[in-house]
Amino acid sequence: MSRFVRASKYRHVFGQQGKKEYGYDNVKVTNSAWDTNIISASTRYISLNWNASGGGAFAILPLPNPFTPLPTGFPSKLPDLIPLARSHTGPVLDTDWSPFNDTVVASAGEDGKALIWKVDDAAFAGWGQDGWEPQDFDPVARIDVSPRRVGHVLFHPTANNVLATSTGDHVVKLWDLTQPENARGVLGGHGDAIQSLAWNPTGTILATTCRDRKIRLFDPRAGPDPVRVGEGHGGIKGARVVWMGDRDRIATTGFSKMSDRQAAIWETGSLSNVKTITIDQTSGVLMPFWTDNNILFLAGKGDGNIRYYEYENDNLFPLAEYKSSEPQRGMCFLPRRGLSVSDCEIARAYKVAASSIEAIAFIVPRKSDSFQSDIYPPAPSAEPALSAAEFFSGKTAPPKLVSLEDGSITTGSAPLSIPTTPAPAASPAPTKTTSAPPPAAAPAPVVSIREEPPAPTPEPEPRIPTRSQTVPGTDDGTVAALKEENARLTAELRDAREKIRNLELQVETVRANARKAAALLDS
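None of the values given here were measured: they were computed from a predicted structure.

Moving on, we come to the overall build of the protein. When helices and strands are counted, the protein shows two helices and 33 strands. For the protein, buried positions account for 54% of its 523 residues. Once local pairs closer than 6 in sequence are excluded, the contacts in the protein between residues at least 24 apart make up 59%. About 22,800 Å² of surface is accessible on the protein, with carbon and sulfur atoms providing 52% of the total.

Next up, the structure:
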């Protein structure tokens, strides 16, 4: 056994649940057996699939905070009758908030429709007071997706007003919400029910898991067929997928043929398996969540604990567990721009229990009160990089990132490419990182826009040293020159990788067309 302990700044991360009165009680969680996360969050609101009669409904509630009480006058124990989003004629199966507008949410239902809703703060005025009567929310747009159920909705990470939906017809449809009359793309090839969807950070590739035990990667603008298909987990139950940041890796959870719960890492160039770990033999579906701190959170339905692992050199190193005696029915994570950096919070989960919603903060213990740039890489901002029309016309742009220290906006990494060597464990993002501006419906204010790509050096600008760290004297001119050269080389490498990726996709498209032509000739 090695006598050396692996160095990690996240070794002592711990989960801290907010006080009971900081969350919600008396919630009526849906009884639908469809497998989704049940809950979704923006930086201002949460949505929860509700157990309602007379059709489908979901609740929209102000975002609870594990560090502070609910808004003044807002009850922790919800009244029996609350305003609901009711317009589905069947149970609501999934919801997702727009990454660019914290008041816009999409819902999917058993009735084959996707609805778009916009939340007004006035809807929460007077809750629980004498004479108060709940007024239900009304949708601002309706989309007839399919004659069968719509199982998932997922907004595009960089293009505004672009929505992906999965249907009971085993296809994924893409929509331009400014013109929702007809789908702008239909992605097929699935042999059974679609179990999960995940965009890569730039929105150029969509990954899906399916009950036919396969993982598929789609380039939505290259055609309806997948550009990669690979064998996934051996069991048919509850496979999920999440993209591991801007690297060429995806993480999945699922079951083996012997019903062992598994987590796996896959290389996206060939969908070959890089690493598989067995978790346990419990029957609950594992919900994976990735943060840009290179941490993979795993929360099992029916479990009371949340496991988290640090990704490094294609390995998952267990960090710790958050343990609770109350099992979770669903879970979501807060967008990173809404975190409390003054409390060294690197992630926040919202856990749905039998009749309550709890906020759980994951904290890196630090003694210093200054901003901890090494644990706060820039977060996806509330500013879209593309419009829907630009995306469907073929344009690609990296995401815009917000500094969690001062709110400044930078441009993210280039669109996904396939590296020829394994991606190293990402240190905190190279650019100066910052604290999240207060959540707001409008995009975060732009303080400055920097054109250079992030430099991959993990050291931030020299500042007051924290804890036992010291800052040795350096020549500012030499450091600046090295950073500039590093940034230039990084940009060239990303451009080359993007070209490789585009060429691979073109080759795969040609092969798919050749297979179709051969099938027609044989018939």
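That was the structure; now back to the text.
All right, on to the sheet that holds strand β22 (residues 272-280) then. With antiparallel pairing, the four strands of this open sheet are ordered in space as β19-β20-β21-β22. The sheet is open, and its two edges are formed by β19 (240-243) and β22, each paired on a single side. Neighbour-to-neighbour, the strand axes of the sheet open up by a mean angle of 20 degrees, direction not taken into account. Taken together, the four bridges between β19 and strand β20 (residues 249-255) define a ladder with antiparallel strand orientation. Of the residues in β20, the one forming a bridge with Arg240 is Thr253.

The subject of this paragraph is the packing of aromatic side chains. A full pass over the atoms with the stated rule returns 17 aromatic pairs. Centroid distance Tyr45 to Phe124: 5.6 Å. Interplanar angle 20 degrees. Geometry classified as stacked. Here the residue Tyr45 occupies a position in strand β4 (residues 45-50), and Phe124 occupies one in the loop between β9 (113-118) and β10 (139-144), the gap between them amounting to 79 residues. Of the two residues examined, Tyr45 and Phe124, each falls in the buried class. Considering the side-chain rings of Phe371 and Tyr376, the 5.5 Å spacing of their centres and the 25 degrees angle between planes classify their relative orientation as stacked. Relative accessible area serves as the criterion here: at 15%, Phe371 is assigned to the buried category. Taking relative accessible area as the criterion, Tyr376 reaches 1% and is therefore assigned buried. Pairwise contacts between aromatic rings join Tyr24, Tyr45, Phe74, Trp97, Phe124 and Phe137 into one cluster.

Turning next to the sheet that holds β9. Strand order in the open sheet formed by four strands is β7-β8-β9-β10, with antiparallel pairing between adjacent strands. On the outer flanks of this sheet lie β7 (92-97) and β10, each paired with one strand and no other. Neighbour to neighbour, the strand axes of the sheet diverge by 20 degrees on average, direction disregarded. Relative to β10, β9 runs antiparallel, the two sharing five bridges.

Glancing now at the nonpolar core. Counting 38 residues, the largest nonpolar core has Tyr24, Ile60, Leu61 and Leu78 as the members making the most contacts within it. When contributions to this core are tallied by element, the ones reaching two or more residues are β3 (39-41), β4, β5 (56-62), β6 (84-88), β7, β9, β28 (345-352) and β29 (356-363). For this core, the element with the most residues is β5, which contributes five residues. Of all hydrophobic cores here, the second largest spans 30 residues; its members include Cys344, Phe371, Ile375 and Leu404.

This part covers the side chain of Asp176. The residue Asp176 is located in strand β13 (residues 172-176) in this model. We classify Asp176 as buried; its relative accessible area is 3%. Polar side-chain contacts of Asp176 include one of 2.6 Å to the side chain of Thr178. The contact partners of Asp176, leaving out residues within four places of it in the chain, are Asn161, Arg184, Ala388 and Phe392.

By the element assignment, Tyr308 lies in strand β25 (residues 306-312). Through-space distance from the C-alpha of Tyr308 to that of Ile295 is 6.5 Å; in sequence the pair is 13 residues apart.

So, about the pattern of salt bridges. For the structure shown, the criterion picks out 27 salt bridges. Residue Arg249 is joined to Asp314 by a salt bridge in which the shortest nitrogen-to-oxygen separation is 2.9 Å. Of this pair, Arg249 sits in strand β20 while Asp314 sits in the loop between β25 and β26 (315-322); the two residues are 65 residues apart in sequence, bridging distant segments of the chain. Overall, Asp314 belongs to the buried group, its relative accessible area being 12%. With a closest N to O distance of 2.7 Å, Asp303 and Arg261 form a salt bridge. In this pair, Asp303 sits in the loop between β24 (295-300) and β25 while Arg261 sits in strand β21 (residues 261-267), placing the two residues 42 residues apart along the sequence. In this structure, Asp303 and Arg261 share a single accessibility class: buried. Via salt bridges that share partners, Arg261, Asp280, Asp303, Arg307 and Glu321 belong to a single interconnected network.

Counting buried positions along β4 yields six of six residues, so the element is predominantly enclosed. In β4, alternate side chains face the same way, and those of Tyr45, Ser47 and Asn49 on one face and Ile46, Leu48 and Trp50 on the other are all buried. Direction of pairing for β3 relative to β4: antiparallel, over a ladder of three bridges. Bridge pairing in β4 links Ile39 to Leu48. The hairpin turn running from β4 into β5, its antiparallel successor, is five residues long, and Gly54 in that turn takes a positive phi close to 70 degrees.

Looking now at unusual backbone geometry. Even without glycine at this site, Asn161 takes up a positive phi of about 65 degrees. Note on placement: Asn161 falls in the loop between β11 (150-155) and β12 (162-167). Non-glycine residue Arg213 carries a positive phi angle of around 70 degrees. Counting through the fold element by element, Arg213 comes out in the loop between β16 (206-210) and β17 (214-218).

This paragraph deals with the environment of Leu174. Relative to the helices and strands, Leu174 resides in strand β13. Sequence separation between Leu174 and Phe155 is 19 residues, and the spatial gap between their C-alpha atoms is 9.6 Å. Discounting chain neighbours no more than four positions away, the residues touching Leu174 are Leu163, Ala164, Ala183, Arg184, Gly185, Trp199, Pro220 and Phe392.

By secondary structure assignment, the location of Gly56 is in strand β5. Sequence spacing of Gly56 and Ser87 is 31 residues, and the spatial spacing of their C-alpha atoms is 7.0 Å. Sequence-distant contacts of Gly56, that is, excluding residues within four places in its chain, are made with Ala85, Arg86, Ser87, His88, Thr89, Gly90, Pro91 and Val92.

What counts, and where the lines are drawn
- Residues numbered from 1 in each chain as written.
- Predicted model: local features only at pLDDT ≥ 70, side-chain atom pairs only at ≥ 80, totals over all residues.
- Heavy atoms only, no water.
- Helix = DSSP H or I, 4+ residues; strand = E, 2+ residues; numbered from the N terminus.
- Buried < 20%, exposed > 50% of the residue type's maximum accessible area, 1.4 Å probe, protein only.
- Contact = heavy atoms within 4.5 Å.
- Areas by Shrake-Rupley, 256 points an atom, 1.4 Å probe, with all protein chains shown as cover.
- Pairing = 2+ DSSP bridges.
- Axes fitted to C-alpha atoms, helices over the stretch in contact; angles between N-to-C directions.
- Phe/Tyr/Trp six-rings, centres within 6.5 Å; stacked < 30°, edge-to-face > 60°.
- Core = buried A, V, L, I, M, F, W, Y, C linked by side-chain atoms within 4.5 Å.
- Polar contact = N/O pair within 3.5 Å; in protein donor to acceptor, adjacent residues only side chain to side chain.
- Salt bridge = Lys/Arg side-chain N within 4 Å of Asp/Glu carboxyl O.

By themselves, these observations are geometric and do not establish any function.
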